[in-house]
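Single-letter residue listing:
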Protein chains: 2
Amino acid sequence: MGRTSNAREKILTAAQELIEVRGYTGLGVAEICAAAGVPKGSFYYFFESKEALALAVIDEQGARQDREWRRILQDAAAPLDRLRELFAKTEADLREGQRTCGTITGCLFGNLTLELSNQTEPIRARLQQIFDAQVELVAGVVAEARARGEVTVADPREAARSVVAQLEGQVLFAKLYNSTGRLDALWANCLALLGAVPVAAGAGGGSAGTRARR
Amino acid sequence: MGRTSNAREKILTAAQELIEVRGYTGLGVAEICAAAGVPKGSFYYFFESKEALALAVIDEQGARQDREWRRILQDAAAPLDRLRELFAKTEADLREGQRTCGTITGCLFGNLTLELSNQTEPIRARLQQIFDAQVELVAGVVAEARARGEVTVADPREAARSVVAQLEGQVLFAKLYNSTGRLDALWANCLALLGAVPVAAGAGGGSAGTRARR
């Protein structure tokens, strides 16, 4: 069983790397197995179709990102500082991907949304769950900031949707221009979208002093 | 020559429809020609490759959208009203596409950016030109609004990039959730991103009265 599980892992890892760089549609099962170094026969032992593999890749990457987002957004830091940390982590991840791939591949979930969400309902449903969960996490942070009087936005969930949309939109441009510099605007834009209350210069507290609007 | 031009048009129209719905990677030249109702031989008379066809589709759709954006954004209306009209037009276009295709296919340029921009440099360059032009048009409107004291944002071009990113991000979610309702937040978000100056209730002028923040 050890070797069997290993083959499944190898297929998943190879598929994720290939999908990140080249998307889903152009990939063949034979190519994925070759990259994974496993015989093609073992593919159908683990996955009943290429779509089933894509769903497994989404699940695994979704679980990894969910852990990462929870670590950052459910931290003890001030709420707005956690959002800022999320953007910094996103930028660092894109920069690391750019270093290893030579070019920014963007967000796996955003890529698959535009490539596939209107073509396969199971993948659409899974991607909706992932973005719903992202919005929920961000909404929780926004609600905390609102309770502390740091933002004025009326509806935390609606605001969270806009923050996540802004993130996906700027990641799209980071990919198009192959530049993480496109993410520099995220923090100021987040504050604007949330109706952040301007902080007086020199006002106390570690987090407050960092909240320059522009 | 009349019939020859007609075949090129048919190929372009069929390719655009197929790329909108299914993306670029999964399409074959034979399928495009079958949809266009032209013999496969004529394809290579007009286009040296599938990539050349994609560039022609991008150019044609880019020119069409550029005319549309100029008509709206260089209108005589108050600057912020023109931006609002742009969002309304985008929503109407998505709704019309949803009616005819059954599902929202999104923005052709955003779709191709995430599908291809890290894989083919000619397509990346062409898509950059299109988004550069979009940002330039929006930046012009923002600069006008700024000169009228209606927005406080420091850098019109940077702000325009954020507005276009917000638009692409919300269109991504409109596609994922197959709902144009995701675009309802665009106007309020645009005002927030631009640092729009709140308008007193009952303040004069046709446009001013419409600028509720949320």
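Residues numbered from 1 in each chain as written. Chains lettered and ligands numbered in written order. Predicted model: local features only at pLDDT ≥ 70, side-chain atom pairs only at ≥ 80, totals over all residues. Heavy atoms only, no water.

Novice: Can you help me understand the overall build of chain A in this one?
Specialist: When helices and strands are counted, chain A shows nine helices and zero strands. Going residue by residue from the N terminus, the α and β elements of chain A occur as α-α-α-α-α-α-α-α-α. For the C-alpha atoms alone, the extent of chain A along its principal axes is close to 65 × 35 × 30 Å. Here chain A, with 214 residues, has 53% of them falling under the buried criterion. Carbon and sulfur atoms form 51% of the exposed surface of chain A, whose accessible area is close to 9,100 Å². (Helix = DSSP H or I, 4+ residues; strand = E, 2+ residues; numbered from the N terminus. Buried < 20%, exposed > 50% of the residue type's maximum accessible area, 1.4 Å probe, protein only. Areas by Shrake-Rupley, 256 points an atom, 1.4 Å probe, with all protein chains shown as cover.)

Novice: How should I be thinking about the interface of chain B and chain A in this particular structure?
Specialist: You'll often see interface size given as the accessible area lost when the parts meet. Of the residues lining the interface, 42 residues belong to chain B; the matching set on chain A comes to 42 residues. Buried surface at the junction of chain B and chain A, summed over both partners, amounts to about 3,700 Å²; 58% is from carbon and sulfur atoms. Together, Leu114, Asn118 and Leu176 of chain B form the three largest contributors to the area buried by chain B at its contact with chain A, with a combined 18%. In this structure, the connection of chain B to chain A is made through zero salt bridges. Counting across the chain B and chain A interface gives 21 residue pairs in polar contact (both at pLDDT 80 or more). Of all the secondary-structure elements, those providing two or more residues to the side of chain B that touches chain A are helix H1 (2-22), helix H6 (108-116), helix H7 (121-147), helix H8 (156-176) and helix H9 (186-194) of chain B. (Contact = heavy atoms within 4.5 Å. Buried area = accessible area lost by both parts, 1.4 Å probe. Salt bridge = Lys/Arg side-chain N within 4 Å of Asp/Glu carboxyl O. Polar contact = N/O pair within 3.5 Å; in protein donor to acceptor, adjacent residues only side chain to side chain.)

Novice: For this particular structure, what's the right way to read the packing of helix H6 (residues 108-116) of chain A against helix H7 (residues 121-147) of chain A?
Specialist: Residues and elements named next belong to chain A. Running from N to C, H6 and H7 cross one another at 145 degrees; their axes reach a closest spacing of 10 Å. Our pair here, H6 against H7, has a crossing hand that is left-handed. In this structure, H6 contributes Phe109, Gly110, Leu112, Thr113 and Leu116 to the contact, and H7 contributes Ile123, Leu127, Ile130, Phe131 and Gln134. Its residues assigned to classes, the contact of H6 with H7 shows seven nonpolar, three polar and no charged. (Axes fitted to C-alpha atoms, helices over the stretch in contact; angles between N-to-C directions. Left-handed = near helix turned anticlockwise from the far one by under 90°. Nonpolar A, V, L, I, M, F, W, Y, C, P; charged D, E, K, R; others polar.)

Novice: I'm lost on the relation of the copies chain B and chain A in this one. Help?
Specialist: Superposition of the two copies of the chain requires a rotation about an axis together with a shift along that axis. In the superposition of chain B on chain A (RMSD 0.0 Å, axial shift 0.0 Å), the rotation amounts to 180 degrees. With respect to symmetry, the two chain copies, as superposed, fit the operation of a two-fold axis. Most of the interface of chain B is mirrored in chain A, where 100% of its interface residues are also at the interface. (Least-squares fit on C-alpha atoms with pLDDT ≥ 70 in both.)

Novice: Even after reading the chapter, I still don't get the packing of aromatic side chains, so can you show me in this structure?
Specialist: One pair of aromatic rings is described through two measures. These are the centre distance and the angle between the planes. Within this structure, the stated rule accounts for 11 aromatic pairs over all chains. For the pair Phe46 of chain A and Phe47 of chain A, a centre-to-centre distance of 6.5 Å together with 55 degrees between the ring planes defines the contact as tilted. Where Phe43 of chain B meets Phe47 of chain B, the ring centres are 5.5 Å apart and the plane angle is 45 degrees; that geometry is what we call tilted. Judged by relative accessible area, Phe43 of chain B falls into the buried class, the value being 0%. Taken together, Phe43, Tyr44, Tyr45, Phe46 and Phe47 of chain A form an aromatic cluster joined through their ring pairs. One cation-aromatic arrangement involves Lys50 of chain B over Tyr24 of chain B; the distance from NZ or CZ to the ring centre is 4.2 Å. (Phe/Tyr/Trp six-rings, centres within 6.5 Å; stacked < 30°, edge-to-face > 60°. Lys NZ or Arg CZ within 6 Å of the ring centre and 35° of its normal.)

Novice: I'm lost on unusual backbone geometry in this one. Help?
Specialist: With the exception of glycine, the majority of residues adopt a negative phi angle, and the majority of peptide bonds are in the trans configuration. Residues and elements named next belong to chain A. Of note in this structure, Asn178 is not a glycine but carries a positive phi near 45 degrees. With respect to the element layout, Asn178 can be found in the loop between helix H8 (156-176) and helix H9 (186-194). Judged by its relative accessible area of 23%, Asn178 falls in the partly exposed class.

Novice: Hey, could you run me through the UniProt feature "DNA-binding region" (unreviewed entry) in chain A in this one?
Specialist: On the UniProt side, "DNA-binding region" (unreviewed entry) is annotated at positions that read residues 28-47 of chain A here. A helix fraction of 75% and a strand fraction of 0% characterise residues 28-47 of chain A, whose end C-alpha atoms lie 13 Å from each other. (UniProt positions renumbered as here; feature names shortened; annotations may be inferred.)

Novice: What's the story with H8 of chain A in this structure? I'm lost.
Specialist: Note: α-helices contain 3.6 residues per turn, so residues at a spacing of three or four share the same orientation. Residues and elements named next belong to chain A. Between its terminal C-alpha atoms H8 stretches 30 Å, which fits the 30 Å expected from 21 residues at 1.5 Å a residue. Of all 21 residues making up H8, 18 are buried, and the element is well covered by its neighbours. For H8, the capping residue at the N-terminal end is Asp155, with a side-chain oxygen 3.0 Å from the backbone nitrogen of Arg157. Asn178, located one to two residues past H8, shows a positive phi value of around 45 degrees. (Expected span 1.5 Å × (residues − 1).)

Novice: Would you mind going over the domain arrangement of chain A with me for this structure?
Specialist: Residue and element names in this part refer to chain A. For chain A, the assigned domains read domain 1 (1-47) and domain 2 (57-210). Between the C-alpha centres of domain 1 and domain 2 there is a distance of 30 Å. Both faces combined, the contact of domain 1 with domain 2 buries some 950 Å², and carbon together with sulfur accounts for 57% of it. If you sort the residues of domain 1 by the area they bury against domain 2, Gln16, Glu20 and Tyr24 come out on top, with a joint share of 52%. When its residues are assigned to classes, the side of domain 1 that touches domain 2 shows five nonpolar, three polar and two charged. (Domains from an automatic or database assignment.)

Novice: Help me out: how do you make sense of the environment of Gly106 of chain B in this one?
Specialist: All names here are of chain B. Structurally, Gly106 can be placed in the loop between helix H5 (79-101) and H6. Separated by 65 residues in sequence, Gly106 and Val171 place their C-alpha atoms 6.0 Å apart. Once residues within four sequence positions are removed from consideration, Gly106 is found in contact with Glu20, Leu94, Asn111, Val171 and Lys175.

Novice: Explain the packing of H5 of chain B against H8 of chain B to me, please; I cannot follow it from the model alone.
Specialist: Packed helix pairs are characterised by how far apart their axes lie and by the angle those axes make with each other. Residue and element names in this part refer to chain B. Following both chains from N to C, one finds H5 and H8 inclined at 25 degrees, their axes separated by 12 Å at the closest point. Here H8 runs roughly parallel to H5, going by the angle between their axes. Note on packing geometry: the crossing formed by H5 with H8 is right-handed. When H5 is examined against H8, the residues Phe87, Thr90 and Leu94 are found in contact with a partner set consisting of Val163, Leu167, Val171 and Ala174. Looking at the contact of H5 with H8 residue by residue, the classes come out as six nonpolar, one polar and no charged. (Parallel < 35°, antiparallel > 145°, perpendicular 65-115°, else oblique.)

Novice: What is the right way to look at the side chain of Gln170 of chain B in this model?
Specialist: Among the structural elements, Gln170 of chain B can be located in helix H8. Aside from chain neighbours lying at most four places away, what touches Gln170 of chain B is Arg161, Ser162 and Ala165 of chain A together with Arg182, Leu183, Ala185, Leu186 and Asn189 of chain B.

Novice: Would you mind showing me how to read the pattern of salt bridges here?
Specialist: Residue and element names in this part refer to chain B. Within this structure, the stated rule accounts for 28 salt bridges over all chains. The salt bridge involving Arg126 is made with Asp59; its shortest N-O contact spans 2.5 Å. On the criterion of sequence distance, the pair formed by Arg126 in helix H7 and Asp59 in helix H4 (residues 50-73) is long-range, its members being 67 residues apart. We classify Arg126 as partly exposed; its relative accessible area is 24%.

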